[in-house]
Amino acid sequence: MSTSIWSDLMSSALVGTDRRRLVLPGTDGPLATVLAPLGGELGPDGLLSAAAAVTVARRAGQTPARTSRPEPATAETAPYASPAAQQRLAALLSGGSVELDRTTTRELAGEWLRVAADRGLLAGPAILVALLDLGSADTAARAAVRSVGGARLGWLALQGPGRWAWAVQQDAPAQAADWDTGRLADRVRYLTELRARDAAAGRDLLAQAWPQEKASDLAALLAACGTGLGPDDEPWLEQTLDDRRAQVREAAARLLGALPGSAYRQRMADRALACVHVADRRLVATPPAEYDDTMRRDGISAKPPSSVGERTHWLRQIIECAPLDCWTAFDPTPAGLLSRKFDDTWGAVLRAGLTRAAITQRHAAWAAVLILDGIGRHDMNELRELAAVMPEQDLAELIAAQLRRKVDAVVRFLDVLPQPWPAPVADAVLDCLADTERRRSGWWQLLRHAEWGFDPAYAGKARALHDSLPTSDQQLLVRFTTMLQIRLDIHQELS
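Residues numbered from 1 in each chain as written. Predicted model: local features only at pLDDT ≥ 70, side-chain atom pairs only at ≥ 80, totals over all residues. Heavy atoms only, no water.

**Focus on the overall build of the protein chain**
Inference 1: Scanning the protein chain from N- to C-terminus turns up 28 helices and five strands.
Inference 2: Per-residue burial for the protein chain yields a buried fraction of 44% across its 495 residues.
Inference 3: At a minimum sequence separation of 6, the contacts of the protein chain that also span at least 24 residues come to 66%.
Inference 4: Just so you have it, the protein chain exposes about 25,600 Å², and 52% of that area is on carbon and sulfur atoms. (Helix = DSSP H or I, 4+ residues; strand = E, 2+ residues; numbered from the N terminus. Buried < 20%, exposed > 50% of the residue type's maximum accessible area, 1.4 Å probe, protein only. Contact = heavy atoms within 4.5 Å. Areas by Shrake-Rupley, 256 points an atom, 1.4 Å probe, with all protein chains shown as cover.)

**Quick word on the pattern of salt bridges**
Inference 1: Applying the stated criterion to the full structure yields 21 salt bridges.
Inference 2: Note that D489 and R88 form a salt bridge whose closest N and O atoms lie 3.6 Å from each other. Within this pair, whereas D489 is found in helix α28 (residues 478-493), its partner R88 is found in helix α4 (residues 83-94), the two being separated by 401 residues in sequence.
Inference 3: A salt bridge links D133 to R163; its shortest N-O distance comes to 3.4 Å. You can see D133 sitting in helix α6 (residues 128-137) and its partner R163 sitting in the loop between α7 (142-159) and α8 (176-181), a full 30 residues away along the chain.
Inference 4: Its relative accessible area of 32% is what places D133 among the partly exposed residues.
Inference 5: Look at the salt bridges and you will find they share partners, linking E238, D242, R267, R271, R297 and D298 into a network. (Salt bridge = Lys/Arg side-chain N within 4 Å of Asp/Glu carboxyl O.)

**Re the layout of surface pockets**
Inference 1: The volume enclosed by the largest pocket comes to roughly 430 Å³.
Inference 2: What lines the largest pocket is a set of 15 residues, among which R254, Y264, E320, C321 and T360 lie closest to the centre.
Inference 3: At the level of elements, α13 (246-257), α14 (263-275) and α16 (310-321) are the ones that each hand at least two residues to the lining of the largest pocket.
Inference 4: Examining the composition of the lining of the largest pocket, we find that four residues originate from one element, α13, more than from any other.
Inference 5: Classifying every residue of the lining of the largest pocket by side-chain character gives four nonpolar, six polar and five charged. (1 Å grid on protein atoms, 1.4 Å probe; cavity = no way out; pocket = protein on both sides within 12 Å on 5 of 7 lines; lining within 4 Å. Points joined across faces, edges and corners; volume = space filled by probe spheres on them. Nonpolar A, V, L, I, M, F, W, Y, C, P; charged D, E, K, R; others polar.)

**A look at the pairing of strand β4 (residues 282-285)**
Inference 1: As judged from the four bridges shared by strand β3 (residues 276-279) and β4, these two strands associate in the antiparallel manner. From the neighbouring strand, V276 faces β4, where its bridge partner is A285.
Inference 2: The antiparallel pairing of β3 with β4 creates a hairpin that spans two residues between the two strands, and D280 there sits at a positive phi of about 55 degrees.
Inference 3: Two elements, β4 and strand β5 (residues 341-342), share two bridges in a ladder whose sense is parallel. (Pairing = 2+ DSSP bridges.)

**Notes on the packing of helix α5 (residues 102-118) against α28**
Helix packing geometry: the angle between the two helix axes and the distance between the axes.
Inference 1: Relative orientation of the contacting elements α5 and α28 amounts to 30 degrees, with a least axis distance of 10 Å. Judged on the interaxial angle alone, α28 and α5 are roughly parallel. Two packed elements cross with a definite hand, and for α5 against α28 that hand is right-handed. Contact with α5, carried on its side by T104, L108, E111, W112 and V115, involves R479, M483, I486, R487, I490 and H491 of α28 and no other residues of that element.
Inference 2: Residue classes in the contact of α5 with α28 are distributed as six nonpolar, two polar and three charged. (Axes fitted to C-alpha atoms, helices over the stretch in contact; angles between N-to-C directions. Parallel < 35°, antiparallel > 145°, perpendicular 65-115°, else oblique. Left-handed = near helix turned anticlockwise from the far one by under 90°.)

**Let's talk about the confidence of the model for the protein chain**
Inference 1: Averaged over the protein chain, the pLDDT score is 86; the fraction of residues at 70 or greater is 87%.
Inference 2: α14 holds the highest mean pLDDT among the elements of the protein chain, 96, whereas helix α2 (residues 32-35) holds the lowest, 60. (pLDDT = per-residue confidence, 0-100.)

**Focus: the nonpolar core**
Inference 1: The biggest cluster of nonpolar side chains holds 100 residues, and the ones touching the most others in it are L206, W327, L354, I399, L403 and F454.
Inference 2: Broken down by element, this core gets its largest block of residues, seven residues, from helix α23 (residues 423-434).
Inference 3: For I399, the residues in contact, after removing those within four places along its chain, are V410, F413, L414, L417 and V425. (Core = buried A, V, L, I, M, F, W, Y, C linked by side-chain atoms within 4.5 Å.)

**As for unusual backbone geometry**
Inference 1: For the bond from Q419 to P420, the omega torsion is 0 degrees, close enough to zero to count as cis.
Inference 2: Relative to the elements of secondary structure, P420 occurs in the loop between α22 (407-411) and α23.
Inference 3: Notably, D280 is not glycine yet its phi reads approximately 55 degrees, a positive angle.
Inference 4: If you trace the backbone, D280 turns up in the loop between β3 and β4.

**A short note on the sheet that holds β3**
Whether parallel or antiparallel, the strands of a sheet pair through hydrogen bonds between backbone atoms.
Inference 1: Strand order across the open sheet formed by three strands is β3-β4-β5, with mixed pairing between neighbours. Both edges of this open sheet fall to β3 and β5, since each of them pairs with a single strand only.
Inference 2: In the packing of α14 onto the sheet, contacts are made with β3 and β4, and the angle to β3 comes to roughly 35 degrees.

**Side note on the packing of aromatic side chains**
Inference 1: A complete count under the given rule lists five aromatic pairs for this structure.
Inference 2: Their ring planes at 65 degrees and their centres at 5.9 Å tell us that W421 and F454 sit as a pair that is edge-to-face. Within this pair, whereas W421 is found in the loop between α22 and α23, its partner F454 is found in the loop between α25 (443-453) and α26 (459-468), the two being separated by 33 residues in sequence.
Inference 3: For W421, a relative accessible area of 4% puts it in the buried group.
Inference 4: Classification of F454 as buried rests on a relative accessible area of 0%.
Inference 5: With centroids separated by 5.3 Å and ring planes inclined at 85 degrees, the aromatic side chains of F454 and F480 adopt a geometry described as edge-to-face. Separated by 26 residues along the polypeptide, F454 in the loop between α25 and α26 and F480 in helix α28 bring together distant segments of the chain.
Inference 6: Put simply, the rings of W421, F454, Y458 and F480 pair up and form one aromatic cluster.
Inference 7: Just above the ring of F342 sits the side chain of R351; from NZ or CZ to the centre is 4.2 Å. (Phe/Tyr/Trp six-rings, centres within 6.5 Å; stacked < 30°, edge-to-face > 60°. Lys NZ or Arg CZ within 6 Å of the ring centre and 35° of its normal.)

What follows is the structure, given as structure tokens:
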């Protein structure tokens, strides 16, 4: 009955009760008790009352989607975070802070989750729905949400909408069947894990499948053989350089280039040294005059990208693939080599090739010198890649020293440092902020990085710096000090 009454109510509401007054029929059904007091003919007030009654009846009268009670959730064994910490997380997830924007509160919630996961603490049951919604919207947060959600998170996800399914889906270890029937990503994972256990078995498995594989798949599977790479892999990789497919040759060349003592590395060193000589203490580069079959076999591509000349393309690849220790032929140290002047014609190509070589070969000493040499010359993405090659402590000391010289040139790749930043960097940042001249040079970017880069334990030092500044300058540090204090509170509440 409620369906027909609802249609009549809608019609009267649309045209107005003065033009179409609704007369309720007699009823003995579930609505009788509710509608009887309204009388037979409904005016405006009666129409609204009837609509309210029918709305409630329509919602309450639905058949439940599940007729049986689910099994109770498994009891948790890990400890819960403190009540204060749980209240903090609930507030962050609701975005209810008047001091911070919603993006920042979500990032703080992410820090809460990471710290709690590291300390083996669980979020309370009352927060689980909000966490499931967070994980549904942000895939990067899912691992931490699963960790702090405990057994009840997966149980609740099974009772809820389909968008929560990720909370009960766990990555299964690679299986042998993945090699035969899995997607390429599954096959790469299986081969990588097999190579880690038994490099020879992984090599044999790939050799058996080789004739049936297409070039793009082979390139990906060859890359997986970087795991467990050793001298025994050189013969078959050398044979692979004779493959007719460029993708396959290039993948094999990359592996041989990473194999110390390989014949491939010696060939590339010989090519590079043949292209460079010293004249009047300047490094002079001369690219190959023509492309030959030996270059093709060793994975050097012939066709350059658009707007790049052929000889530039060949020279850069040769320099990038040559082992960096070959340059001791000209100078025993990277700093000594780079301190020389480069010729005007091909010098930029030589420098670019050395930069890519330091990145792909993950050579920390070369990376450090190239960073210092390239501040203001390299693009920032390249500087970040170089910084990522260096050991954390060495990079921290380099960045700290450069911060004290010129903030603008260094601040943009602070985010390559693991967080929290090592003490030398944090102390250098505080020194910069305490210096009026340097604070005004790049202070905004510096503070934005420092909000997340500083260990929260620096909150007291940051507040002391704020209080020591002239009133006109204190406003610059308000958000920075606020963020550090909130982060410190999060860590303490989770202790």
